[in-house]
Amino acid sequence: MMTTRRQLLTAALAAGVAVPLVGAGTPPARLTLPAPTGPFRLGTVALHLVGDRELMVNVWYPARDTGRHPLAPWLEAAPLRALLASAGLDADVAGPRTAGHQGAPVLPGGRRPVVVFSHGSGGHRSETTIVVQELVSHGYVVVTVDHPHDSYGEFPDGRLVVPDDDVSTTPWTHAEDVRFVLDRLEELAAGRNPDAERRPLPAGLAAALDMGRIGMFGWSKGATAAALMMNADRRVRAGLSLDGPMQSQPPIADLYRPFMLMTAEFTRTAEDSGVAEAWPHLRRWRLEVHAEGGLHGAYCDHQWLIPQLAAITGMSDEDLAGWIGTLDPGRAVRIQQAYPLAFFDLHLRGQRQRLLEGPSPAFPEIQF
């Protein structure tokens, strides 16, 4: 079921982007992302990491002196074209620009908590950019990971990466990738450059990582990987699932660190989602919140981008609801910005979060 939903979301994105807003020769319309709400400007840098597997990550961080540094794209042109070609369509809409300034120097302020993101099946490391940017704007370092054979991406030499159905990529594979990434981040925090090409790093980056305060979140398959990662590696102190089916072989074992589930219709209604079976294995702080009316993409960028594509293509309201459910995209953004930040502020910074203590009148869509 997870693969089917992912294919539907990909097809929706591709279908919208493929239809021109105006006639040939006119610049394409550009999709947009909402601005983060925190006080800090954002920097980002891509790293090429090579070990048993070869993968790309982005490190996001609070930045200074951003004016001379261009904004990073949500997804590079070649992977975006490949994403659309997988549905047999041509692109005629420009992807969003993020709020992250490429290579900008790091804002001084000591070592900051580090949060790692793992994407869904057949996805990419940018699919929760709204959540990522919100965390960084409030002082976190966030590392987003592309998983080889299960993602759309591009290596520094121009090689294109696309999902490969002939290669088995399980949630455990994602978890092993994250363990490798944490090892490289420890090298980075110690002053070494883990990038395979030894490209220059943003000034101050090594001093910004607090490897004693690490969290992880994921969407869909990546959310399952977050729980498995915590089973396998005690460096991760807190885990967050964005509508992840808690299924794996071997299965999730008892977990004695904080874990939060943000569920939508996908994992609440599917008989084989594994959420009910995983719940008893969360043996310390645990919480499930549910966004009423939200489908599987409610907690990632799809919920915000697909309505823009619907407006471009003339999609009917009924068809749009089939893609995003009845959860208003603007409200979904506020949920994406508020609840992950509250979770990590509680468990990585030790700051009480009333938002996580019960239903809030500010978020009537959220059920505990």
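Residues numbered from 1 in each chain as written. Predicted model: local features only at pLDDT ≥ 70, side-chain atom pairs only at ≥ 80, totals over all residues. Heavy atoms only, no water.

### Considering the pattern of salt bridges
Once the charged atoms of two side chains with opposite charge are near each other, the side chains can pair.
Next up, step 1: Under the definition given, this model contains 19 salt bridges.
Next up, step 2: Salt-bridge contacts for Glu54 lead to Arg159; the nearest nitrogen and oxygen are separated by 2.6 Å. One end of the pair, Glu54, is in strand β3 (residues 54–63); the other, Arg159, is in the loop between β9 (153–154) and β10 (160–161), and 105 residues separate them in sequence.
Next up, step 3: Ionic pairing is found between Arg64 and Asp65, a salt bridge with its closest N-O pair at 2.6 Å.
Next up, step 4: Taking the relative accessible area as the measure of exposure, Arg64 reaches 29% and is therefore partly exposed.
Next up, step 5: It is possible to trace a salt-bridge network through shared partners that takes in Glu176, Arg179, Asp183, Glu186, Asp233 and Arg235. (Salt bridge = Lys/Arg side-chain N within 4 Å of Asp/Glu carboxyl O. Helix = DSSP H or I, 4+ residues; strand = E, 2+ residues; numbered from the N terminus. Buried < 20%, exposed > 50% of the residue type's maximum accessible area, 1.4 Å probe, protein only.)

### With respect to the confidence of the model for the protein
Next up, step 1: Confidence along the protein averages 90 in pLDDT terms, with 90% of residues attaining 70 or more.
Next up, step 2: Taken together, the stretch residues 1–24 has pLDDT below 50 and engages in 60 contacts with residues farther than four places along the chain or on a different chain.
Next up, step 3: Within the model, the stretch residues 87–91 combines pLDDT values under 50 with 11 contacts to residues more than four positions away or in other chains. (pLDDT = per-residue confidence, 0-100. Contact = heavy atoms within 4.5 Å.)

### Some details on the sheet that holds strand β4 (residues 71–73)
Next up, step 1: As summarised here, the arrangement of the 11 strands in space is β4-β6-β2-β3-β8-β7-β11-β12-β13-β14-β15, forming an open sheet in which the pairing is mixed. One side of each edge strand has no neighbouring strand; the edge strands of this open sheet are β4 and β15 (366–367).
Next up, step 2: As judged from the three bridges shared by strand β2 (residues 41–50) and strand β6 (residues 97–102), these two strands associate in the parallel manner. Residue pairing across strands places Gly43 opposite His101, the latter belonging to β6.
Next up, step 3: Across the sheet, helix α3 (residues 129–137) lies against β2, β3, β6, β7 (112–118), β8 (141–145) and β11 (209–219), angled at about 40 degrees from β3, the strand it touches most.
Next up, step 4: Docked against the sheet, helix α10 (residues 329–349) engages β7, β11, β12 (236–242), β13 (259–263), β14 (286–291) and β15, running at close to 160 degrees with respect to β12. (Pairing = 2+ DSSP bridges. Axes fitted to C-alpha atoms, helices over the stretch in contact; angles between N-to-C directions.)

### A look at α10
Next up, step 1: Between the first and last C-alpha of α10 there are 29 Å, a value that for 21 residues agrees with the 30 Å anticipated at 1.5 Å per step.
Next up, step 2: Taken across its 21 residues, α10 has 16 buried, putting it largely inside the fold.
Next up, step 3: Its side-chain oxygen placed 3.0 Å from the backbone nitrogen of Gly330, Asp328 serves as the N-cap of α10.
Next up, step 4: Phi turns positive, to about 70 degrees, at Gly350, one or two residues after α10. (Expected span 1.5 Å × (residues − 1). Polar contact = N/O pair within 3.5 Å; in protein donor to acceptor, adjacent residues only side chain to side chain.)

### Observations concerning the packing of aromatic side chains
Next up, step 1: Summed over the entire model, instances satisfying the criterion amount to five aromatic pairs.
Next up, step 2: Consider the rings of Phe117 and Phe217, whose centres lie 4.9 Å apart with planes at 40 degrees: the pair is tilted. With Phe117 in strand β7 and Phe217 in strand β11, this residue pair connects regions lying 100 residues apart in the sequence.
Next up, step 3: By relative accessible area, Phe217 is classed as buried at 0%.
Next up, step 4: Ring plane angle 75 degrees and centroid distance 5.2 Å describe the contact between Tyr339 and Phe363, whose orientation is recorded as edge-to-face. Linking Tyr339 in helix α10 with Phe363 in the loop between α10 and β15, this pair joins segments that are 24 residues apart in sequence. The same class applies to Tyr339 as to Phe363, namely buried.
Next up, step 5: Ring pairing ties together the aromatic residues Phe117, Phe217, Trp285, Phe343 and Phe344, which thus form one cluster. (Phe/Tyr/Trp six-rings, centres within 6.5 Å; stacked < 30°, edge-to-face > 60°.)

### Digging into unusual backbone geometry
Next up, step 1: Along the chain, Gln249 connects to Pro250 via a cis peptide bond; the corresponding omega equals -5 degrees.
Next up, step 2: Looking at the element boundaries, Pro250 is found in the loop between β12 and β13.
Next up, step 3: If you check the backbone angles, Arg198 has positive phi at about 55 degrees while not being a glycine.
Next up, step 4: Structurally, Arg198 is set in the loop between α4 (171–189) and β11.

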